[in-house]
Structure formats: C-alpha cells, structure tokens
Amino acid sequence: MMRCIVIDDEPLARECITNYIDQIDMLTCVGTGTSALDIPRILAKSDVDLLFLDVQMPLMNGLEYLKSNPNAPMTILTTAFPNYAIDGFNLNVLDYLLKPISFNRFFTAITKARHQYQLINNGIAPLKEEESGCFFIKCDGKYEKINHHDILFVQAMQNYVIIQTVKRKYVTLLFLKNVQEKLSQDAFIRVHKSYIVAIDKIEGVAQHELQIGAHKIPLSRNYRKEVVPKIIGDNLWDKKDI
C-alpha cells in the first residue's frame with residue numbers, strides 16, 4: 001500500500017485526486033494541504049510514499065519546495081501549465097500531470113509510481129534522472145519527450161544535434177558531447193566524431209559503416225577498434241566454431 005498526500009490550493013483539484021486515489025486499492029491518502037508549507041507537518045505525522053504536488057501555490061510553490069527538500073517523497077507534479085515540465089523533470093519528479101487530469105492518465109502515472117516503489121522497497125536504488133528512461137528537449141518551439149529506448153542514433157550538426165528515433169527526427173540546440181554524457185555507456189556508443197548510436201539497434205557492421213534500419217552510419221577508423229568488439233562481442237559465428 002502506497003501512502004499518498006495531496007497538496008493543492010484548489011479545492012476541486014484536491015478532491016479530484018483524492019477521489020482517484022480512493023478508486024485504486026494500492027493507494028491510500030494520509031493527508032492533504034493547500035500549500036507546500038503543509039508538507040513538513042504531514043510528513044512529521046505520517047510515513048509518506050507518494051506526493052501529489054501542485055506547482056503554482058501561494059507563499060511557496062511546488063518547485064521551490066522540491067529544491068528546498070532533496071529528500072522529498074516520490075513526487076508527481078500536477079498543474080495546468082505545461083511550461084513547468086522541464087523544470088519538474090530536472091528535479092527528478094516521477095511524472096507530470098496536466099489539469100484537467102483524466103483517470104486514465106492518472107492511472108498511468110500510478111503504474112510508474114508502483115514500479116518505482118517496488119524497486120525502492122526491494123532494496124534497489126531509484127533510477128537517476130539520466131537513467132530514468134526519458135528526457136525532454138526543446139524542438140520547434142515546444143518541449144518534446146524522448147524515450148531512450150526509441151533512439152536510433154544522434155548526429156552532430158555544428159551547434160545542433162539530430163536525434164533520430166524509431167518514430168521521427170528531432171533537431172535541437174545541443175552539443176554532441178553533452179548528449180553523450182547523459183546517455184548510458186552500456187546502451188550507446190560513439191562511432192564517429194559526429195555520431196552516437198544505440199548498440200541494440202545496429203543491424204550490420206561493414207568496414208566503414210553501420211546499418212541501422214534504412215540508415216547508413218559512418219564508422220570512423222579511430223573508433224572501429226573499440227566499437228566492433230562491443231557490438232559483436234562473443235556472438236560471432238564462423239568456421240572455427242563449427
């Protein structure tokens with residue numbers, strides 16, 4: 001059972017979330033408040049696993065609270081304003097619900113929270129932000145969510161990068177080295193001064209290029225000695241194995 005608190009200065013918004021909580025057996029609401037300043041009082045009285053936190057509130061908003069308390073419970077932000085999404089995920093919130101919140105969207109967030117709760121209570125450390133499975137970039141005037149497992153490759157283009165996913169191509173103002181620092185070294189590898197690729201998406205390896213779906217990615221001689229063993233490993237079948 002996950003113990004939840006709901007912090008929102010709007011009575012209807014609090015009621016909506018507490019009603020949703022009542023519909024799910026694995027959740028129980030142990031407190032509500034109208035300001036982030038109510039959170040320490042509730043935490044002092046109850047063990048709390050999950051915090052539903054509004055962003056815009058008087059005196060102290062939700063983001064300010066999270067910045068002041070790095071040990072806050074797992075947090076799902078609730079707000080009517082999508083422009084706070086990037087700030088929320090930079091503070092490692094679990095999810096971000098836009099008002100009005102549908103029950104289907106609420107349930108999706110709870111499923112994610114349950115998974116994280118099980119990891120924590122089984123003695124497995126919660127995921128770091130860069131390992132959490134997704135990130136946001138600014139593209140075409142809005143914030144776009146990218147799932148790590150959807151990425152095929154990342155290509156440098158002067159001050160921009162192209163992030164090619166299984167769905168589409170994104171162009172954003174970043175440096176390739178900054179992207180590389182955020183991606184898992186076990187899942188992604190630099191193959192050229194201008195390319196990082198997802199290892200599990202590589203379908204073929206030639207002398208000077210890699211095949212990923214319909215894309216041909218250049219393989220630099222400077223990276224080949226490191227790249228080929230990591231891609232193929234012990235999975236090469238040839239005559240000597242027969």
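Residues numbered from 1 in each chain as written. Predicted model: local features only at pLDDT ≥ 70, side-chain atom pairs only at ≥ 80, totals over all residues. Heavy atoms only, no water.

**Points about helix 5 (residues 103-121)**
A rise of 1.5 Å per residue sets the reference length of helix 5, with its 19 residues, at 27 Å; its end C-alpha atoms lie 26 Å apart and thus fit the reference within 8%. Taken residue by residue, helix 5 has Phe106, Ala109, Ile110, Ala113, Gln116, Tyr117 and Leu119 as its buried positions. Looking at the buried residues of helix 5, the elements they touch are strand 1 (2-7), helix 1 (11-22), strand 2 (27-33), strand 3 (50-54), strand 4 (74-79) and strand 5 (95-98). (Helix = DSSP H or I, 4+ residues; strand = E, 2+ residues; numbered from the N terminus. Expected span 1.5 Å × (residues − 1). Buried < 20%, exposed > 50% of the residue type's maximum accessible area, 1.4 Å probe, protein only. Contact = heavy atoms within 4.5 Å.)

**Brief notes about the packing of aromatic side chains**
In the structure shown here, the tally under the stated rule is six aromatic pairs. Ring centres of tyrosine 20 and phenylalanine 103 lie 5.3 Å apart, and the angle between their planes is 75°; this geometry places the pair in the edge-to-face category. Here tyrosine 20 is found in helix 1, whereas its partner phenylalanine 103 is found in helix 5, with 83 residues between them in sequence. Among the residues examined, tyrosine 20 registers a relative accessible area of 17% and is labelled buried. An angle of 50° between the planes, with centres 6.0 Å apart, marks the rings of phenylalanine 153 and tyrosine 195 as tilted. Within this pair, whereas phenylalanine 153 is found in strand 8 (residues 151-157), its partner tyrosine 195 is found in strand 12 (residues 195-198), the two being separated by 42 residues in sequence. (Phe/Tyr/Trp six-rings, centres within 6.5 Å; stacked < 30°, edge-to-face > 60°.)

**Section: the sheet that holds strand 15 (residues 215-218)**
Sheets are built from strands paired through backbone hydrogen bonds, the pairs being either parallel or antiparallel. If you walk across this open sheet you meet the three strands as 13-14-15, and the pairing is antiparallel. Of all strands in the sheet, those bounded by a partner on one side alone are strand 13 (204-205) and strand 15. Pairing analysis gives two bridges linking strand 13 to strand 14 (residues 209-212), with the strands arranged antiparallel. Among the inter-strand pairings, valine 205 is bridged to a residue of strand 14, identified as leucine 210. (Pairing = 2+ DSSP bridges.)

**Topic: the pattern of salt bridges**
All chains considered together, the criterion is met by 11 salt bridges. Here lysine 99 ties to aspartate 54 by a salt bridge, and the two come within 3.3 Å at their closest N and O atoms. Taken together, the positions of lysine 99 in the loop between strand 5 and helix 5 and aspartate 54 in strand 3 put the pair 45 residues apart, joining distant regions of the chain. One salt bridge in this structure joins aspartate 140 and arginine 168, with 3.9 Å as the shortest N-O distance. With a gap of 28 residues between them, aspartate 140 in the loop between strand 6 (134-139) and strand 7 (142-147) and arginine 168 in the loop between strand 9 (160-165) and strand 10 (169-172) connect regions that are remote in the sequence. What makes arginine 168 partly exposed here is its relative accessible area of 31%. (Salt bridge = Lys/Arg side-chain N within 4 Å of Asp/Glu carboxyl O.)

**Some remarks on the sheet that holds strand 11 (residues 188-192)**
Read across the open sheet, the five strands follow the order 10-9-8-12-11; overall the sheet is antiparallel. This sheet does not close on itself; its edge strands, each paired only once, are strand 10 and strand 11. Neighbour-to-neighbour, the strand axes of this sheet turn through a mean angle of 20°, independent of strand direction. Pairing of strand 11 with strand 12, which is carried by four bridges, proceeds in the antiparallel orientation. Counted as the bridge partner of histidine 192 is tyrosine 195 from strand 12. (Axes fitted to C-alpha atoms, helices over the stretch in contact; angles between N-to-C directions.)

**Details of the pairing of strand 2**
Taken together, the six bridges between strand 1 and strand 2 define a ladder with parallel strand orientation. Pairing of valine 6 across the sheet is with threonine 32, part of strand 2.

**Considering the nonpolar core**
Grouped burial of nonpolar side chains is what soluble globular proteins tend to show. Grouped together as the largest cluster of nonpolar side chains are 21 residues, with contacts concentrated most on Ile21, Leu27, Leu50, Phe52, Phe106 and Ile110. Secondary-structure elements contributing two or more residues to this core are strand 1, helix 1, strand 3, strand 4 and helix 5. Broken down by element, this core gets its largest block of residues, five residues, from helix 5. With sequence-adjacent residues up to four places away left out, leucine 50 is seen in contact with Arg3, Cys4, Ile5, Pro73, Met74, Thr75, Ile76, Ile110 and Ala113. Core analysis: the second largest hydrophobic core is formed by 19 residues, Ala36, Ile39, Ile42 and Phe89 among them. (Core = buried A, V, L, I, M, F, W, Y, C linked by side-chain atoms within 4.5 Å.)

**Re the pairing of strand 14**
Burial along strand 14 is one-sided: Leu210 and Ile212 are buried, and none of Glu209 and Gln211, which face the opposite way, are. Between strand 13 and strand 14, which pair antiparallel and follow one another directly, the connecting turn spans three residues. Sheet topology note: the strand 14/strand 15 ladder contains four bridges and is antiparallel. Bridge pairing links glutamine 211 to lysine 216 in strand 15. If you look at the hairpin formed by strand 14 and strand 15, you'll find two residues sitting between the two strands, and glycine 213 has a positive phi there, around 60°.

So far we have only geometry, and geometry alone does not tell us how the molecule works.
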